[in-house]
Amino acid sequence: MVEDYDPCEVEVDTEYIGHEIKCFDEVDSTNNVAKRMAEDGATEGTVVIAKTQSRGRGRRGKPWISPQGGIWMSIILRPEVHPSRAPLLTLVAGVAVARTLRDECGLDVGIKWPNDILIGDKKVCGILTEAHARFNTLEYVVVGVGIDTNVDISHFPDDLREGATSIKNELKRDIKSSELIARFLRNFEETYNSFKDGKMDEILTEWRKLSKTIGRRVEIRKQLGEIVHGDAVGINSEGALILELDDGTLRKVISGECIHR
Ligand code: BTN
């Protein structure tokens, strides 16, 4: 039986992240709900959590399977930074998830650029960051986090099953979702405060240590169908991946799907 946790019973010990939590049994997508709430003036740190999502969204327009047992949540942020800084919040959240799974579950996690949290070479968590700017001013950002916690991967469609895992699959037991969420919100507040305090370089240093992409041969599938091959040699201060191409030149990749070869 899948753990029936109540997202409203998460006991947060943060300064502001998660002080307002809106919880639901089912929504279309917590990112959609959070965006509507942000439009209506929800304060920074408001969190939306649902037990299931009927139309969970992944990056690049892909659906995100969200059965009961997983953690599906979105955080509303209003950082006073240039809109070009918003994608860095994916890395900020990735470091917070990795710290949480390592410290709470003792798992050896890594990050595949830009936003997949891996155990071994299998994905356990994805992050979808959506920003809304007006006249070059960032109005709000929604950071959506999906963690396959007490999820039975054998129910996933064939094409997803191979590359996915869950915490339950790894630990062979259920974990307490509400405690994991509380710990994540604390870790996220810490990394997000560093971001706002201009200490992104510290987060990037931690991200590089967690990276499973740097040092690998990769294929990047860009939005318009272009495919780039190269050796991943680092990420820069904007969070862009730096590739060394076969002719020895360096190329900066800002976005795209990354496949480890
Ligand atoms: C990805 O790796 O493609 C990103 C997946 C993000 C999934 C989360 S689940 C909570 C939030 N609501 C959504 O619809 N998507 C994000």
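Cut-offs used in this document
Residues numbered from 1 in each chain as written. Predicted model: local features only at pLDDT ≥ 70, side-chain atom pairs only at ≥ 80, totals over all residues. Heavy atoms only, no water. UniProt positions renumbered as here; feature names shortened; annotations may be inferred. Helix = DSSP H or I, 4+ residues; strand = E, 2+ residues; numbered from the N terminus. Buried < 20%, exposed > 50% of the residue type's maximum accessible area, 1.4 Å probe, protein only. Polar contact = N/O pair within 3.5 Å; in protein donor to acceptor, adjacent residues only side chain to side chain. Pairing = 2+ DSSP bridges. Near = heavy atom within 4 Å. Areas by Shrake-Rupley, 256 points an atom, 1.4 Å probe, with all protein chains shown as cover.

Novice: Looking at this structure, I do not really get the UniProt feature "domain: BPL/LPL catalytic" (unreviewed entry) in the protein. What am I missing?
Specialist: Those places that UniProt annotates as "domain: BPL/LPL catalytic" (unreviewed entry) correspond, in this numbering, to residues 3-196. In this annotation, residues 3-196 is assigned 29% helix and 27% strand; the end-to-end C-alpha distance for the span is 36 Å.

Novice: What am I meant to see in the environment of Asp-103 here?
Specialist: Within the element layout of this structure, Asp-103 appears in helix α2 (residues 88-105). Look at Asp-103 and you get partly exposed, because its relative accessible area is 39%. Each C-alpha atom of the pair Asp-103 and Leu-180 lies 10.0 Å from the other, and the pair is 77 residues apart in sequence. Here the side chain of Asp-103 touches Arg-102 through a polar contact of 3.0 Å, side chain to side chain.

Novice: Help me out: how do you make sense of the pairing of strand β7 (residues 137-147) in this one?
Specialist: Looking down a regular strand, the side chains alternate between one sheet face and the other. Most of β7 sits out of view: nine of its 11 residues are buried. As paired strands, strand β3 (residues 71-77) and β7 are joined by seven bridges and run antiparallel to one another. Looking at the pairing, Ser-74 lines up with Gly-144 of β7. Where strand β6 (residues 122-134) lies against β7, 10 bridges are found, and the strand directions are antiparallel. When the sheet's bridge partners are listed, Cys-125 is paired in β7 with Ile-147. Between β6 and β7, which pair antiparallel and follow one another directly, the connecting turn spans two residues, one of which, Phe-135, has a positive phi of 50°.

Novice: Which parts of the structure should I look at to understand the site of the ligand?
Specialist: Taken together, 19 residues surround the ligand, and among them Ser-29, Gln-53, Arg-57, Arg-59 and Lys-123 come closest. Contact between the ligand and Thr-30: a nitrogen atom at 3.1 Å from a side-chain N or O atom of the residue. Here an oxygen atom of the ligand sits 2.7 Å away from a polar atom, N or O, in the main chain of Arg-57. Here the ligand, which alone exposes 410 Å², has 97% of that area covered by the protein. Those elements that place two or more of their residues in the shell around the ligand are α1 (30-39), β3, β6 and β7. Sort the elements by how many residues they give to the shell around the ligand and β6 lands first, with four residues.

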